[in-house]
Structure formats: C-alpha cells, structure tokens
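One-letter residues, chain by chain:
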Amino acid sequence: MKTKGKKKDKVNIVTLGCAKNLVDSEVLLTQLRGNKINTTHESAGDDSNIVIINTCGFIESAKQESIDTILQYAEAKAEGKVDRLYVTGCLSQRYRDDLKTELPGVDAWFGTMELPLLLKKFNANYKHELLGERITTTAKHYAYLKIAEGCDRPCSFCAIPLMRGKHVSKPIEELVRETESLVRNGTREVLLIAQDSTYYGLDIYGKRKLAELLDRLADIEGLEWLRLHYAFPTGFPEDILDVMANRPNICKYLDIPLQHGSSRMLEIMRRGTTREKTESLLGRIRNKIPDIAIRTTLIAGHPGETEEDFREMIDFVEQSRFERLGIFTYSHEENTHSYTLGDTVPEELKEERANLVMELQESISEDMNNDKVGKTYKVLIDRLESGNFIGRTEHDSPEVDNEVIIDANSNHLRIGNFSNIKITHSTAFDLYGRTA
Ligand code: SF4
C-alpha cells in the first residue's frame, strides 16, 4: 500500500548500539546514495516511507530498546505512514527466526554481514568503487574507523562473537585510503574501533600489526588526533606504546575494557589474565606515556561474584585511579558460557555494586579534574549548546568522557577547530574554561 501523497521513495536509517554499528549504517547510507536512492540517517521528519533499523543485541537493555524501536515503526507502518520496514544488525542476526513470528510488521530481516542482500531490496548493487569512501553521520570533524570485524576471544559473558563472528582485520592499505578520504572530507579526529583492536593483523598478517597501522595513519597529513578504543589486556602489543609516545597526533588516551579487578572473577570470565598482570601492564603503560588517560569498563554482578570479589574490584579501582571509567551490570545472555553458571547475583545487588563503583570513580575524577584548574589544554570544539561551546581534550572521547564547557558570549570559537583553553574551574566529570 503506497503511503498517501508520497511521490518518491525516501529511506531513513535508524542506528542503535555502538559506534561499530554506526559505521555499518554509514556504509549502508553511502551505498544507497551511491545507487541514487534518496536516503537519510536518523531523520526526525516523517517524510521517509522506507525505514531500515540497524539494531543492537548486546545486552538486555539494548535488546529492549531495539524491540521498542521496531514496534514504533511497525505501528507507523500499520498507520500507513511507512510503506516498508527492514531490520538489520545484531539483534536481527541473533534472534531473527523468533522475531519473524513475534514482529510480523517487518518486511525483511538481515544479518550483520548481509548488506548486498539488503541492497537488493532496492534493486541496488554493492558498489565496490565506493570502498573506503564513507558518508559519516558524526560531527564533520571526527569519525570512527572500524579496523576489524568480529572477535576470537572467549569472554564467558559476551554474546558479540555470536552476532559478529570471528575476528577479521581490514588491510592496512584499505584503512589508510579510508582515513585519507575522511580527512579530505574534513575529519580531523579519527577514532579506531573494533571488538578487540589489539588483535589487529593476527589473522591476515599472522602477527599483531596495530603499531604499524597507528604509524601509517599518523603519517596522514591533516589528521590531528588519532584515538585508540577497545584494547584487550591479554597479549597486549606493547610496541604500540612507543608509537603512541612518539607521534604527537596520537591521543594520549587508551580505552581498555578490563571487566573486573578480582583474579578469581577474571578467571571465571575467561579473560586470560589476572589482577596482578593487569596492574603491571597498567604500570608499564603509564611509565611509557606518563600523561595518558586510561578509560576502562567493568561489569558488576557477574555469576559467581562474591562480596569479597566486589571488595577487590573496589580496591582495584582505588589503586588504579582510572581517568575514565564506566560500569555495566551483568546481563544474562543465552548461548554464552556465563549463562550456564546461572544469574547468581540479584539485580538490586548488581545495581548497588555498580553505583558504589561509580561513586568512588566520581571522587577520583573530581580530584583529577581539580588538578587541571589553571592549566591550558588543546581543545577540539564539538558543538554550541545553551550558550556554551562544548569541546574535548585529547583525554576525552565523544559521548562517553568529560567535556570542556566555554561561555560562547565571551569566547569566539569555531566548531570543528582546536583552541587552547585555560581551565578556570571543574566538576567531577566536566571542565570549564576560557580561551587562553
Ligand atoms: S573481547 Fe571479549 S568482551 Fe570484547 S567483544 Fe570479544 S568476546 Fe566480547
């Protein structure tokens, strides 16, 4: 049934989940537009008669958000506002057989590796000539670069390998071309992402090649900041630390999810490391790059976690003093090893433990931000909001870390530009400043 009064097809891509999913949506956007199909991303308007939802299937809350979004557009379709509804991404990859019957309003379901099939629904072909050319949906001055797909790690709680498959690195030459294209289009900061970025190269080159990749990308003229996310502690390629220390345009920033601080829990989680090994690695990283900001992610309430294990996590966070930290409550995901252990920690206790860790982190972050008052930092201006310019230092990644807030009435700055900002005051998670 053709929606009333709509002349030409217009597609709206809706992205849920992580930055890796966002890159997939950007590739889809690029391919559809490359096939002359009128396509937009996250359009607030209602002028699109075809909707593609790129879903997340990581943990319970993310799955629920994906299902709610599908139901929302299925309802719009039932009301005649949408003609076609397609679902792709991790939730579809993992549950499409069940969802097909439960959510009949969807016209077709696609897995995480089925872009050509999705394009076929538009009589479109995958355009190889567009490889490395990507329309980004982030602010013009920063972009994510997915250096690999999938993961070979056995982490017991994680469903990602079920949805994304085995680790597959993209060749260095392809990533260099893609980054050159991003920089030509105005990108000044590139964020390297993968499920496990430190595994980079082991599959296609037979050895870890992240250090070489960082070096090659840092050579690209006009690339001001290169930021590394999703490092893995076990088998950490320490040669990257020399590259990070010696290349001024590589941010002194490392995102390394560690998941827990108790060796007993790290063993149950099948992380292949211990608290002692992790702490000595963190020590070597800080020795090589003294002003580095380390971001980590932890899980509270994993099956088997005792009060003693939790006390050890608290002690680990106190001792390690991470610059940036996030924590999830354990999500009981079927077909993972942890699922066989039973969901032993009550939900409220998971929440309580996660909140206690964040309270501790808030006081650590407050101290650290306080030490920054009076100092001047190179800040990338991201946006203008409620009369303030909002920016970030090299120690802050978009959307997850601290921000620098600058009064726009008394400071004349440009979005997408770097400016030297003197910090005047701070809170636990934000800095305030003025042009230096
Ligand atoms: S490294 Fe572990 S937690 Fe991360 S995606 Fe792979 S299996 Fe999941």
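Above this text you will find the structure in question.
In what follows, the accompanying structure is described.

Scoring rules and cut-offs
Residues numbered from 1 in each chain as written. Predicted model: local features only at pLDDT ≥ 70, side-chain atom pairs only at ≥ 80, totals over all residues. Heavy atoms only, no water. Near = heavy atom within 4 Å. Nonpolar A, V, L, I, M, F, W, Y, C, P; charged D, E, K, R; others polar. Helix = DSSP H or I, 4+ residues; strand = E, 2+ residues; numbered from the N terminus. Expected span 1.5 Å × (residues − 1). Buried < 20%, exposed > 50% of the residue type's maximum accessible area, 1.4 Å probe, protein only. Contact = heavy atoms within 4.5 Å. 1 Å grid on protein atoms, 1.4 Å probe; cavity = no way out; pocket = protein on both sides within 12 Å on 5 of 7 lines; lining within 4 Å. Points joined across faces, edges and corners; volume = space filled by probe spheres on them. Domains from an automatic or database assignment. Disulfide = S-S within 2.5 Å. Pairing = 2+ DSSP bridges. Axes fitted to C-alpha atoms, helices over the stretch in contact; angles between N-to-C directions.

**A closer look at the site of the ligand**
Then, in step 1: Lining the immediate environment of the ligand, one finds Cys151, Arg153, Cys155, Phe157, Cys158, Ile160, Pro161, Gln195, Phe232 and Arg271.
Then, in step 2: Across the shell around the ligand, the residue classes break down as seven nonpolar, one polar and two charged.

**Details of helix α12 (residues 347-372)**
Then, in step 1: The first and last C-alpha atoms of α12 sit 37 Å apart over 26 residues, in line with the 38 Å expected at 1.5 Å per residue.
Then, in step 2: Looking only at α12, the buried set comprises Lys350, Arg353, Ala354, Val357, Leu360, Gln361, Ile364, Ser365, Met368, Asn369 and Lys372.
Then, in step 3: Check the buried side of α12 and you find it contacts β12 (293-300), α11 (307-320), β13 (324-329), β14 (376-385), β17 (418-426) and β18 (430-435).
Then, in step 4: Two residues or fewer after α12 comes Gly374, characterised by a positive phi angle close to 95 degrees.

**Here's the deal with the layout of surface pockets**
Then, in step 1: For the second largest pocket, the calculated volume is near 790 Å³.
Then, in step 2: Lining the second largest pocket are 34 residues, with Asp24, Val27, Thr112, Leu115 and Tyr126 positioned closest to its centre.
Then, in step 3: Counting residues per element, the ones that place at least two in the lining of the second largest pocket are α1 (19-34), β4 (84-89), α4 (115-120), β7 (148-149), β8 (168-169) and α6 (172-184).
Then, in step 4: A total of eight residues in the lining of the second largest pocket trace back to one element, the largest contributor, which is α1.
Then, in step 5: Among the residues forming the lining of the second largest pocket, the class breakdown is 13 nonpolar, eleven polar and ten charged.
Then, in step 6: Mapping the lining of the second largest pocket onto the domain boundaries places at least three of its residues in each of domain 1 (11-129) and domain 2 (133-370).

**Some points on the state of the cysteines**
Then, in step 1: Overall, the coordinates contain zero disulfides when judged by the stated rule.
Then, in step 2: In this structure Cys18 is not part of a disulfide, and its nearest cysteine sulfur, from Cys56, lies 6.3 Å away.
Then, in step 3: Cys90 provides the cysteine sulfur closest to Cys56, a residue in no disulfide bond, and the two sulfurs are 6.1 Å apart.

**Digging into the sheet that holds β14**
Then, in step 1: Reading around the barrel, the five strands line up as β14-β15-β16-β18-β17 and close back on themselves, with mixed pairing between neighbours. Neighbour to neighbour, the strand axes of the sheet diverge by 55 degrees on average, direction disregarded.
Then, in step 2: Of the pairings in the sheet, the one linking strand β15 (residues 388-392) to strand β16 (residues 403-407) comprises four bridges and is antiparallel in character. By the bridge assignment, Asn388 is partnered in β16 with Asp407.

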